[in-house]
Each structure stands twice: as structure tokens, then as C-alpha cells.
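Geometric and topological summary
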Amino acid sequence: MRLRSVVKGSVLMPKDNDSPFLLDMHKRGVQNVDRMERYPLSAPVDLVVVGAGAGGVTLAQRLARAGWRIVILEKGPFWDPDRDWVSDEKGSSGLYWTDTRVIAGNDPIEMGKNNSGVGVGGSMTHFAGYVPRFHPSDFEVRTRDGVAADWPISYRDLKESFERVELELPVAGQDWPWGDPHSYPHGPHPIAGAASVAWQGALRCGIEMRVGPVAITNGVFGHRPHCIYRGFCLQGCKVNAKASPLITHLPDAIEYGVEVRANCMATRVQIDESSGRCTGVTYVDGDDIERFQPADAVAVCGYAIETPRLLLHSTSRRFPNGLGNQSDQVGRYAMVQGATQVAARFPQELRMYKAPPPEVSSEQFYETDESRGFARGFSLQTVAPLPIDWAEHVQADGHWGQALREYMRDYAHWTVLGVLCEFLPLPENRVTLASETDRHGMPVANFSYSLCENDKRNVACATKVMEAIWENAGAQDTLKIDRYAHLVGGARMGFSPDDSVVDSSHRAWDCPNLFLCDGSVFPTEGAANPALVIMALADRLAALLKAKRVSRPADALRKGGLASLRP
Amino acid sequence: MRYDFAEAHHLPNRRVPEQAHADPYDLPRQRRGVTPQMHGRYPDYDVLEQSDHWDAVTRRVVFERVSNVPEVRFFDGREAETLTVLADVVLAQDAEPRIPVLAYVDEKLFKGERDGYRYFDMPDDDETWRRVARGLDEEARRLGQDRFALLGVGEQVEVCHRFANGELFGGAWDTLNVSRAWSVVMRYLLQAFYSHPWAWNEIGFGGPAYPRGYSRFGSPHLDSAEREEWEGKEAYARDPVGDAQERGLE
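Residues numbered from 1 in each chain as written. Chains lettered and ligands numbered in written order. Predicted model: local features only at pLDDT ≥ 70, side-chain atom pairs only at ≥ 80, totals over all residues.

Let us look at the environment of Asn429(A). All names here are of chain A. One can find Asn429 in the loop between strand S14 (414-421) and strand S15 (430-437). A C-alpha to C-alpha distance of 8.1 Å links Asn429 and Gly105, two positions 324 residues apart in sequence. Ignoring any residue separated from it by four or fewer positions in sequence, one finds Asn429 in contact with Tyr333, Ala334, Met335, Ser448, Tyr449 and Ser450. (Helix = DSSP H or I, 4+ residues; strand = E, 2+ residues; numbered from the N terminus. Contact = placed C-beta atoms within 7 Å.)

Moving on: the sheet that holds strand S19 (residues 514-516) of chain A. Sheet strands line up and pair through hydrogen bonds in the backbone, either parallel or antiparallel. All names here are of chain A. Across the sheet, five strands lie side by side as S5-S2-S1-S9-S19; this open sheet has parallel pairing. Each of the sheet's edge strands pairs with one partner strand only, and the pair in question is strand S5 (258-261) and S19. Along the sheet, successive strands turn relative to each other by an average axial angle of 20°, direction set aside. The pairing of strand S9 (residues 298-300) with S19 spans three bridges and is parallel. In the sheet register, Val300 faces S19, and the bridge partner there is Leu516. (Pairing = 2+ DSSP bridges. Axes fitted to C-alpha atoms, helices over the stretch in contact; angles between N-to-C directions.)

Residue and element names in this part refer to chain A. What the three strands build is an open sheet, ordered S6-S7-S8; its pairing is antiparallel. Two strands close off the open sheet at either side, each with one partner strand: strand S6 (265-271) and strand S8 (290-294). Taken pair by pair, the neighbouring strands of this sheet meet at an average axis angle of 25°, ignoring direction. Across five bridges, the pairing between strand S7 (residues 278-284) and S8 is antiparallel. Residue pairing in the sheet places Thr282 in a bridge with Phe292 of S8.

Chain B puts 55 residues into the contact, and the matching count from chain A is 61 residues. Those elements that provide at least two residues to the side of chain B that touches chain A are helix H1 (56-67), helix H2 (77-90), strand S1 (118-119), helix H6 (178-194) and helix H7 (197-203) of chain B. Taken together, the residues of the side of chain B that touches chain A break down into 31 nonpolar, 13 polar and eleven charged. Inspection of the sheet shows strand S3 (residues 102-104) of chain A paired to S1(B) by two bridges, in the parallel sense. Across the sheet, residue Val102(A) finds its bridge partner in S1(B), namely Arg118(B). (Nonpolar A, V, L, I, M, F, W, Y, C, P; charged D, E, K, R; others polar.)

With that settled, the discussion passes to the nonpolar core. Most often, soluble globular proteins have nonpolar side chains that are buried together. Counting residues in each nonpolar core, the largest one holds 241 residues, and the members touching the most others are Ile70(A) and Leu189(B). For this core, the leading source of residues is H6(B), giving twelve residues. Here Leu189(B) is in contact with Ala87(B), Val90(B), Leu91(B), Val101(B) and Val105(B), once residues within four sequence places are set aside. (Core = buried A, V, L, I, M, F, W, Y, C linked by C-beta atoms within 7 Å. Buried ≥ 20, exposed ≤ 12 C-beta atoms within 10 Å, placed from the backbone.)

Glancing now at unusual backbone geometry. At the junction of Gly212(A) and Pro213(A), the peptide bond is cis and its omega measures out at -5° in the coordinates. Cis geometry is adopted by the peptide bond preceding Pro97(B), which originates at Glu96(B) and carries an omega value of -5°. With respect to the element layout, Pro97(B) can be found in the loop between H2 and helix H3 (101-110). The backbone phi angle of Ala148(A) is positive, close to 55°, even though this residue is not glycine. Relative to the helices and strands, Ala148(A) resides in the loop between helix H5 (141-145) and helix H6 (155-168). Of note in the backbone geometry, Asp288(A) takes a positive phi value of approximately 65° without being a glycine. Considering the arrangement of structural elements, one finds Asp288(A) in the loop between S7 and S8.

Residue and element names in this part refer to chain B. Interaxial distance between H3 and H6 falls to 9 Å at its minimum, and their mutual angle equals 120°. The handedness of the crossing between H3 and H6 is right-handed. Within the contact between the two elements, H3 uses Val101, Tyr104, Val105 and Lys108 and H6 uses Tyr188, Leu189, Ala192 and Phe193. The residue makeup of the contact of H3 with H6, split by class, is seven nonpolar, no polar and one charged. (Left-handed = near helix turned anticlockwise from the far one by under 90°.)

Looking at chain B, pLDDT values average 90 and 87% of them are 70 or higher. Here the prediction assigns the complex a pTM of 0.94, and the interface score ipTM is 0.93. (pLDDT = per-residue confidence, 0-100.)

This part covers the packing of helix H3 (residues 54-65) of chain A against helix H14 (residues 531-546) of chain A. Two measures define how a pair of helices packs: the angle their axes make with one another and the distance between the axes. Residue and element names in this part refer to chain A. Two elements in contact, H3 and H14, have axes separated by 8 Å at closest approach and are oriented at 30°. As summarised for this structure, H3 and H14 are arranged roughly parallel, according to the angle between their axes. Viewed along their axes, H3 and H14 form a crossing whose handedness is right-handed. Counting all contacts with H3, which are made through Ala54, Gly55, Thr58, Leu59, Arg62 and Leu63, the residues of H14 involved are Ala531, Ile534, Met535, Leu537, Ala538, Asp539, Leu541, Ala542, Leu545 and Lys546. Across the contact of H3 with H14, the residue classes tally to eleven nonpolar, two polar and three charged. (Parallel < 35°, antiparallel > 145°, perpendicular 65-115°, else oblique.)

Below is the structure:
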């Protein structure tokens, strides 16, 4: 492992995923769409996946290699980064889910660019790139800390999946000392001056940081080029250096027969009233025509807002309150992470807009420390807002007019630290259906959020740590913005139908051929960015389905899919 | 004002009371390209001169923004007048050249583009904007003018100050959560202003960076390693007039 991490441009390549070789060095995006399979609507496929993001694409790629015939329905476009993406902040708004969601509660969570993606590749097309693992403790929070819930699976169940996915992205970073210590396939990227001042400040107050872990190539990786440090990770990587399922898994999935139908909004998972099994998915295509794709099984991978929304909207005589919702669990325990940021001002120019925003991070405060007066913890990460985000930062500190312009002109002197505070899952933090509908007549999501006392203490403590780092780094001024990041939960996995929506195999308790495979199944959220964990869960679920080890009578499954479960 | 930007005294949170207002007209005048009101810290930096190094798609998007200012189609004439004044006050655009921010706001609302959320106690963004326009004119009438645009600058600033603090009441304001209306308005305005290359010139932002990327992003071991050859130099750290006087050179 030690040797591997120092070989820049690792020679190790994934065994069961040829995606990096199916790309073109001189063009971006997917190159084998011409060869993509087209399945007729007249016959059931083995699996319909709703959502072409981290969960859906990874699951489809794995199962396609095992011979499953799969259709992925994606609400947004099939991106061609050369044609569709720009090196511009405002011009990238098409990457975000900007259809209205109603936000409520004591602490309404602003949606859109910060936490919601649309289009093939999902939110990972515009995620910063941090891909930390969960710690072993994350899976047993109830047992260890007496709060929240345990997962019905453990770190051991995901360890090999983490390793496999880290090699596929591939992840670059220093040897990781926290949680389960591990190395990364690519060595750490060089860090910018803006991140190095955070590093120095942290060291002076006894906090260790590490470079990475980021899903950004740092060497040769098939036909993907090296990062060019242009700083637009959150606007879609036009370089093909930052990972998203669009380039890490989809090319291989297409090669093995997966069809992606872009611009197709799933509106209902249909069920057979007598058997209670799902029969396929109704969707509205790009020409606004309603269609139905029959399937032997359905995997909903729409993330923490759209997965509950689709399930709640999939009502039937048998399931009048929505699919998977017999015990009123769908939409509950949705979570965000406290993501307060503190910006700091230095005498020298730092120009934080250069180099990837994710650079160095620390998980020193990740675990529960009783002396802090709250359960669980937070991680620290550098970030680097571009001008519009920086303006929102300045405005959040209360400035407008000449004062705002003054802080904006000072942009080159600033750098920013952020935290991810683990918030606790609460039943009232819930996705429900609003009375307002979208243009297809489907009710939009209402997302209600309120922080609990533990959450607030966590944020307060994390903010003090950031301020201490900047003070020790010699900052001349600071600006703070309270914000939130990431969306998980809302259809959690658990031990019984009373406390959860799916079992440890991601199978809906109420419906034997319905699987959820995205961030919505998280029972707790850790203090880590969710992308890697979602992909690892998909990797594990695919292995279970391929090996017929799902928690159902194994003889009901036959090679090549779930056809024998057909009603 | 001294241009010693190694210090932080010019920043609003750091100012001593007697220097309550940093006069942006003490800043260098722009010599290349355009900045809003022609002041900034990078007088010889014009990001648009770098456009040969941008990919064609990005270049088209950015140049469209500058040269093809959309017509106002969503707001009516009176709303547009009131909201243009609001935009100029909260963005301190007190002279030409101004970035025509309201035109971009209007375009976004006209096209039905949104940012992905609506507070449960707020109307849709388009309705919020219209009510804000109405509320500002109502506020003007309380101050003896028919329209917000007719108030003196001091009064306009004062109304905006109360808007920012959520302290506007009655009429249209009673149908809005005023603090949230402020955040909606500011979100649209900041996006419009800081997506414009003139604003990038003012703040020294490198702009689009594909396919060139960056090779110098700050090594603590190299002098000036934070800046590419083509990136703007910040205005000299000292005011030459004051410096010359201090050193007894005149």
C-alpha cells in the first residue's frame, strides 16, 4: 500500500470497469452512445433504474456486467461537456435541480445549486470532489453514543466496496490516519497557497490536516487527463479529471447493454394490486408523452428528496399512502450537514479561485468527545467560492452597497474553511408532497427541517475551531456564513418495517422487487461527504443481487435477473 | 485613502469609526477594459483580453452577457424604474458605467428560471419581486414622493437599510416575510452583478479557465507564485503622492 501511494500516476486500473479506456483523450463525456442498446417498451427489462447518479449508474454498471438488461430513466439531459458545460459560474445553472421545492420548518434548507443535481451523472457532476470514507463508528451510532440509529450493516460490509470504488474514481490523497486508516490509489495533489495558510493555522493549534481525499486524477488513468487546476469543480469538470458516474461508470455500463433515457421524468412506480410487486415505471419523456417501461424489478435512485417524492406519489389501492410507506416512514429522517464556513483575510494575495476547491481536510473532530457537550462530530475542509458564491458569503455577514463591493474587491486576499457537522436524524425532518404541482401535474416536494440542540452545539463548536485556526494563521479579518450541505436519508434502511423503508439489502419492506439505492437509505450521515458511500452501497447491493444473496428466498432468482419474480 | 492592501483597515468590519466610509473614488481609475464605475484594484487588467484562451462555448456565453443585454420583458415600466434604482443602491452603482443588472434579473424571471426552492411562507420569486417594487413605491409615498426613484439618494439608502434589516411594514410588506424577500432580491442581484466580466475586472478574478487552467496557484516558497503572468497586478501597495510626501521627495 505504501508503495502504491507514492507512485504518481498509479499503474493500477480497475478490473471490472473499462470506463477510463472508453473515453477519448481529446473529447469529453461519453463516446459510445452510438452503440447504446435500445429496449422496446413492449417487454419487461430486468431492471428499471430511476436516476442516473452515483447510486443508479454504479448499480446498473455492475449488474449489466452480470447480464441484466437495464433501462435508466433520468429527468435531466445527457450531458456532452464539450457542448453543454461552460467555465462560468452563472452559465452552469443547468447542472442543478432548479425546479421548485417548498422549504419549511424552523431552519428551512435552501435547495438548488448547493445540493441538488439533474442530468446524467447526477449531483456528482458538480460536487466539489471530496470522497472521504465513513468511519467504522458511523454504522453503530446508537450503540456507541446512544443517539440516532445503527445501520443494519457494518463498516466491514462496505470496506471492499470502498476500495473498489476508490480505484475506479480514482481517489487522490495522502495516507489517511482517521477512521479505518487506509491509502489512496493516486498520490496527493499539490496544494494552493490559499489552502496552505489553513494548514499552517491548523498545525499551530494542534490540528492535523491531510491533502485530499479527492476524486480527481493525479496521473495517468486510462484516457482521462490530469487535472489542470482551473478551480471550476462545482461547475462541471470540462476536463474529465474530476469523477462523476458520467465518465467513471456509464461508458462501461453502455458497453454491457445499459440504456439511458435522458429527459425522462419518472412519475409513478406501478404495482400489481394482487401481488403487491412493482411492474415498472411510468414516466414522461422529452416530448411530454407519458410512457410505461415494464420491468421485473425497480431501483429508485433519485436521492433524498426525489426518491421519497416518487414513492409518496406512487399510490395505489393497495398502498394508498404511497409505495413503501405502510408504516409511515417514507420521507422521514431526512438529513443535511451543518456546513458553516468562515472566510479569512491575509496580507498576501491567495487567489483562492485557482486549483480545485477541495484541497485539505481533517477528521480529527469526527468522533464523539463527551467534553464538547454533544454527540458525534464534524470534519474540516477547505473550500474556495467563485465570485457569485463569494458575494453570497459577504452578504450573509450582513454587507451590501459600498461595504459589499469593498469586500468583493478584496477577493484575492481571502480563503475559506468549511465544516461538515453530523446532524442527527429526526422523524419530523421530512419530505412530504406539497399542494403545488410541477408541469407534469406531479406534486412537488415539501422539505421541512429543524435543527435539534445537539445539532446547534455541534455547529457552534465547529465554528469556534475554524475561528481558532484562522486566528493562529494570522488572519486580519473573518466573515462567517451559516449554511448546510448534502442531503441524505428520507427512506432509510433499518432492522424492521416499523423503523425503516428498506432492509439491509436495500429492498423495500413492503414490495419484494423494489430497491432503493442512493443517499436516501442512510440511517445516519456521518461527517463525511456522501458520494463515495453511495457508490460503495451500490457496489455492495449489486454484489448481493448478482450472487443472489438478497434477503429473499434465493431460489426465486435466476441468472440474468429477477424474471421469476414477475407476477 | 492609502492603497496598502497588505493591511486590512479598508475593510468595513475593521474600520475605525472616523474612517466609516472608504471612498471607492480614491481607488485607481481603470486604464484597461471596464469596471463598474471605472474603479478597482487592478487598473491594467481586462479579463476579456484573455478570451482567446477560453473554449468557444464559454466565450460565447460570456460575450453574449456583455454585448447582448436583454430587453426588459417581465417587469412593467414603473416596476423596472423602481427596481433599477434598488439594484443600483444595494450594489453601490452610483455612476456610469453600470452593469445592467435588472435586465438580467428580468430575463431570468421572464424565462421562468428559478433557483430550486421557495420558502413555505413566501410567494413564488416573480411575485416577490413585484411586491418588493410595490412596497418600495409605497415607502416613497410615506416619505412624500410618488415613486422610489424620486427619493433622494440618502432616503433610498435608508429605505434599503430598513429592507436589509427586515424593518419595513404595512401594505405590500405585510404580504411578505421581509427578511426573506431581501435574501431573494439579493440572490438575483448578486448573481447578475458578479457574473459580469466588468465585475471580474474590478475584483481581479481570473475568469473562465478552460482549457488553459493554472500552473501558478501559490507556493509559499516562491515570490509572486500566486499570480500567472497574465493575471492582473493589484494596484501598488502605496499611494505614490502620500509616499512621496512622507519621504520628503517634494
